[in-house]
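In case you want the letters, here they are:
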Amino acid sequence: MEPIICGPSAFKYYRTPPQVLALCHELPTIRNRAAQTALPNNPTAQAVLGTTIHSLISTRSQHTGAVHMKQHLWEGPRPSDCEFEDPIVGTLTSPLFTLLTLSREYTATEVAMAMYELCGKFTVYAPSKELEALLPSPDDARKLGFGWQRVVDPRGMPSSLWMREPLVEIHELKDFAEDIKGVRGARTFSAAADMVLGVTRSPLEVKAAMLLGLPRTKGGFGFLLETDRVIRLDASARSIVGKDYLVADLYLESSDGTRALDIECQGAVVHSGLGAAISDADRTCAVEAMGIDLLYLTENQLRSGHKLEIFAGLVGDKLGQKLQQRTDRMRRKENELRFHLSKGWEGLCEVS
């Protein structure tokens, strides 16, 4: 039986843009040790799976001990619809099953970050210099129908951030968590799924949603929020921005529904790269014309516990909501959460 690519290697595959996959050659069969030992030197494996290949085996006799192959034993039945066939790399665990295999190796926070990416409208992938030279331009990629849009930085240079449609629906996380109860890794998977508060469009939005929206007991500030909320504009607001609607990164309302707040995550790559062509001043004017307050949140504020606490206090004031006093345990949880979120997103669930 052919090994099934799983864990960090499968996660890396699901982060790989179709523009990159189109440049790759089919991997050789990897049933025996010699083939598995040679695999990490294959350009396709390096670009799509990583230098250490994680695979799933069903019996101990399948273990080859090949260098740079990390094999994981899965005994007993597997979840339904757990495999995916790719003509280039072979058999992989499905996105949901991949998240479960990650739940055996990583913390709930790290798995939640991976869930946000697969359930979100973005992914992070940095091609090698060799691949970079071969990739089509954004205009050519659109003409070829790849569907994934690469974001450029303020200098017009391609970044590691790509926009695409979600690969997993959030409700599928909850349903899958029910189906896998009792399986090793299920508790971590379920805890991670509970931390996913909505669909996001960048790592910066994920960090903001988690730090502001998770309960105090999990390291957040406990605000009830929506992500990717559509704000329909009236005629006056439309005349300012020339659009029928705007999308709020984070949207919050007071408990009595009389106050609303739009929090925009001000990351240079996201806001300049998507070509929104709406100035911060015009957006502020249009949103506030709708009776909604607006605040901008930066990466620097998210990194600093002191700055974020001041920002959260301002959010509470805008909503007429007093922040709960934090205990020492809550502060430790917040520091743990910020530690995980401060790691480079490109290295999320790094292949090792």
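Residues numbered from 1 in each chain as written. Predicted model: local features only at pLDDT ≥ 70, side-chain atom pairs only at ≥ 80, totals over all residues. Heavy atoms only, no water.

Visitor: Would you explain the packing of aromatic side chains in this entry?
Guide: Within a pair of aromatic rings, the relevant descriptors are the distance that separates the centres and the angle that separates the planes. Evaluated as defined, the whole model comprises six aromatic pairs. Taking the centre distance of 6.3 Å and the plane angle of 50° together, the rings of Tyr14 and Phe84 count as tilted. Placement of the pair is Tyr14 in helix 1 (residues 7-15) and Phe84 in strand 4 (residues 83-86), with a sequence separation of 70 residues. On the basis of relative accessibility, which here comes to 34%, the residue Phe84 falls in the partly exposed class. Here the aromatic rings of Phe176 and Phe189 are separated by 5.3 Å at their centres, their planes lie at 55°, and the arrangement is tilted. Taken together, the residues span a long stretch of sequence, with Phe176 in helix 9 (residues 170-179) and Phe189 in helix 10 (residues 186-193) at a distance of 13 residues. What makes Phe176 buried here is its relative accessible area of 7%. Clustering of aromatic rings is evident, with ring pairs tying together Tyr13, Tyr14 and Phe84. Note that Arg164 overlies the ring of Trp148, its terminal NZ or CZ placed 5.6 Å from the centroid. One residue, Arg229, lies across the ring of Tyr251, its end atom 4.1 Å from the ring centre. (Phe/Tyr/Trp six-rings, centres within 6.5 Å; stacked < 30°, edge-to-face > 60°. Helix = DSSP H or I, 4+ residues; strand = E, 2+ residues; numbered from the N terminus. Buried < 20%, exposed > 50% of the residue type's maximum accessible area, 1.4 Å probe, protein only. Lys NZ or Arg CZ within 6 Å of the ring centre and 35° of its normal.)

Visitor: Would you mind showing me how to read the sheet that holds strand 9 (residues 225-232) here?
Guide: Pairing between sheet strands relies on hydrogen bonds along the backbone, with the strands arranged either parallel or antiparallel. Read across the sheet, four strands follow the order 9-10-11-12 without closing on themselves; strand pairing throughout is mixed. The two strands at the open ends of the sheet, each matched to only one other strand, are strand 9 and strand 12 (293-297). Within this sheet the neighbouring strands show an average axis-to-axis angle of 45°, counted without direction. Two elements, strand 11 (residues 260-265) and strand 12, share five bridges in a ladder whose sense is parallel. Counterpart to Leu261 in the pairing with strand 12 is Asp293. Packing of helix 16 (residues 305-319) onto the sheet brings it into contact with strand 10 (245-253), strand 11 and strand 12, and relative to strand 12 it is tilted by some 170°. (Pairing = 2+ DSSP bridges. Axes fitted to C-alpha atoms, helices over the stretch in contact; angles between N-to-C directions. Contact = heavy atoms within 4.5 Å.)

Visitor: Explain the pairing of strand 7 (residues 149-152) here, please?
Guide: Looking down a regular strand, the side chains alternate between one sheet face and the other. For strand 7 and strand 8 (residues 158-163), the ladder comprises three bridges, and the chain directions are antiparallel. Residue Val152 lies in a different strand from strand 8, and its bridge partner there is Pro158. Hairpin connection from strand 7 to strand 8: five residues lie between these consecutive antiparallel strands, with Gly156 at a positive phi of about 85°.

Visitor: Even after reading the chapter, I still don't get the side chain of His54, so can you show me in this structure?
Guide: Positionally, His54 belongs in strand 2 (residues 53-57). For His54, a relative accessible area of 0% translates into the label buried. Here the side chain of His54 touches His72 through a polar contact of 2.9 Å, side chain to side chain. (Polar contact = N/O pair within 3.5 Å; in protein donor to acceptor, adjacent residues only side chain to side chain.)

Visitor: Just checking my understanding: could you explain the nonpolar core for this structure?
Guide: Burial of nonpolar side chains together is a common tendency in soluble globular proteins. Core analysis: the largest hydrophobic core is formed by 88 residues, its most contacted members being Leu173, Phe189, Met210 and Leu212. It is helix 6 (residues 108-119) that contributes the most residues to this core, eight residues altogether. Those residues in contact with Leu212 that lie beyond four places of it in its chain are Phe221, Gly222, Phe223, Leu225, Leu250, Ile263, Leu297, Leu308, Phe311 and Ala312. Counting residues in hydrophobic clusters, the runner-up holds 13 residues, among them Ala237, Ala260, Val287 and Ile292. (Core = buried A, V, L, I, M, F, W, Y, C linked by side-chain atoms within 4.5 Å.)

Visitor: Just checking my understanding: could you explain the side chain of Arg338 for this structure?
Guide: The residue Arg338 is located in helix 17 (residues 328-342) in this model. In this structure Arg338 touches Leu302, Arg303, Ser304, Gly305 and Leu308, once residues within four positions along its chain are discounted.

Visitor: Teacher, can you tell me more about the pairing of strand 4 here?
Guide: Where strand 4 and strand 5 (residues 90-93) come together, four bridges link them in antiparallel fashion. Paired with Phe84 across the two strands is Leu92, which belongs to strand 5. Linkage of strand 4 to strand 5, two consecutive antiparallel strands, is achieved through a turn of three residues.

Visitor: Help me understand the environment of Leu135, please; the structure alone is not making it clear to me.
Guide: If you trace the backbone, Leu135 turns up in the loop between helix 7 (129-134) and helix 8 (138-143). By relative accessible area, Leu135 is classed as buried at 14%. Along the backbone, Leu135 and Ala22 are 113 residues apart, and their C-alpha atoms lie at a distance of 9.4 Å. If sequence neighbours within four positions are ignored, Leu135 has contacts with Gln19, Val20, Leu23, Pro127, Arg150 and Trp162.

Visitor: Explanation requested: unusual backbone geometry in the structure shown.
Guide: What you tend to see is this: most non-glycine residues have negative phi, and most peptide bonds are trans. Positive phi is not limited to glycine here, since Asp228 has a value of about 55°. Relative to the helices and strands, Asp228 resides in strand 9.

Visitor: Before we go on, may I ask you to explain the sheet that holds strand 8 in this structure?
Guide: The sheet built from three strands is open, its strands ordered 6-8-7 with antiparallel pairing. This sheet does not close on itself; its edge strands, each paired only once, are strand 6 (122-124) and strand 7. Mean inter-strand twist for the sheet, computed between neighbouring axes without regard to direction, equals 40°.

Visitor: How should I be thinking about the pattern of salt bridges in this particular structure?
Guide: Pairs can form between side chains of opposite charge whenever their charged atoms are close. Overall, the coordinates contain 21 salt bridges when judged by the stated rule. We note a salt bridge from Arg155 to Asp153, for which the minimum N-O separation is 3.0 Å. For Arg155, a relative accessible area of 70% gives the class exposed. Look at Asp153 and you get buried, because its relative accessible area is 13%. With a closest N to O distance of 3.3 Å, Arg283 and Asp262 form a salt bridge. You can see Arg283 sitting in helix 14 (residues 280-289) and its partner Asp262 sitting in strand 11, a full 21 residues away along the chain. Look at Arg283 and you get buried, because its relative accessible area is 11%. In this structure Asp262 comes out as buried when scored by relative accessible area, which is 0%. Look at the salt bridges and you will find they share partners, linking Lys121, Arg201, Glu205, Asp228 and Asp249 into a network. (Salt bridge = Lys/Arg side-chain N within 4 Å of Asp/Glu carboxyl O.)

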